[in-house]
Amino acid sequence: MMPAPGTPLCPLDALDDPGTRAFSFGEGAAQFHMFLVRKDGELRAYVNECPHGRTRLDHWPDTFLALDETRIICAAHAALFRIADGFCVSGPCAGKSLTPVPVEIVEGTVRIAAAR
């Protein structure tokens, strides 16, 4: 289950640009996995689940970007997603999208935001 609005994730300055960071909340079957991605001053957050195989995108800690750092990559299927909107541009889930997570920056801290 997604954490409640206002839940702090990390200081914004702890995230490189470009950079990514994973977060997990809860335990067992109720565990919720998400990640932040920062690129060119923009911050996005997505559920850490590939729409193709419903597996986590990362195989290595905090590693979600392709080598050229212009797209998000699924380590299991090599699907590529746009950073700006999570839309899959190539791979087995082309045309599908990552699930966004609403976040906001409050006094320099990235937090879960209320759903829009």
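One can find the structure itself at the top, above this paragraph.
How should the packing of aromatic side chains be read in this particular structure?
Enumeration over the complete set of coordinates arrives at 2 aromatic pairs. Note on Phe35 and Tyr46: the rings are 5.9 Å apart at their centroids and 40° apart in plane angle, and the pair reads as tilted. A residue pair is termed long-range when its members are at least 10 positions apart, and Phe35 in strand β3 (residues 32–39) and Tyr46 in strand β4 (residues 42–47) qualify at 11 residues. Per residue, the accessibility class of Phe35 equals that of Tyr46, and both read buried. Three or more aromatic residues joined by ring pairs form one cluster here, namely Phe35, Tyr46 and Phe64.

How should the pairing of strand β8 (residues 103–106) be read in this particular structure?
As paired elements, β8 and strand β9 (residues 109–112) share 4 bridges and run antiparallel to each other. Looking at the pairing, Glu104 lines up with Arg111 of β9. Here β8 folds back onto β9, and the loop between the two strands holds 2 residues, one of which, Glu107, carries a positive phi near 50°.

Any chance you could explain the side chain of His33 here in plain terms?
Among the secondary structure elements, His33 is positioned in strand β3. Here His33 falls in the buried class, since its relative accessible area comes to 17%. Polar contacts involving the side chain of His33 include one to the side chain of Gln31, which spans 3.4 Å. If sequence neighbours within four positions are ignored, His33 has contacts with Phe23, Ser24, Val47, Asn48 and Arg56.

How each quantity is defined
- Residues numbered from 1 in each chain as written.
- Predicted model: local features only at pLDDT ≥ 70, side-chain atom pairs only at ≥ 80, totals over all residues.
- Heavy atoms only, no water.
- Phe/Tyr/Trp six-rings, centres within 6.5 Å; stacked < 30°, edge-to-face > 60°.
- Helix = DSSP H or I, 4+ residues; strand = E, 2+ residues; numbered from the N terminus.
- Buried < 20%, exposed > 50% of the residue type's maximum accessible area, 1.4 Å probe, protein only.
- Pairing = 2+ DSSP bridges.
- Polar contact = N/O pair within 3.5 Å; in protein donor to acceptor, adjacent residues only side chain to side chain.
- Contact = heavy atoms within 4.5 Å.

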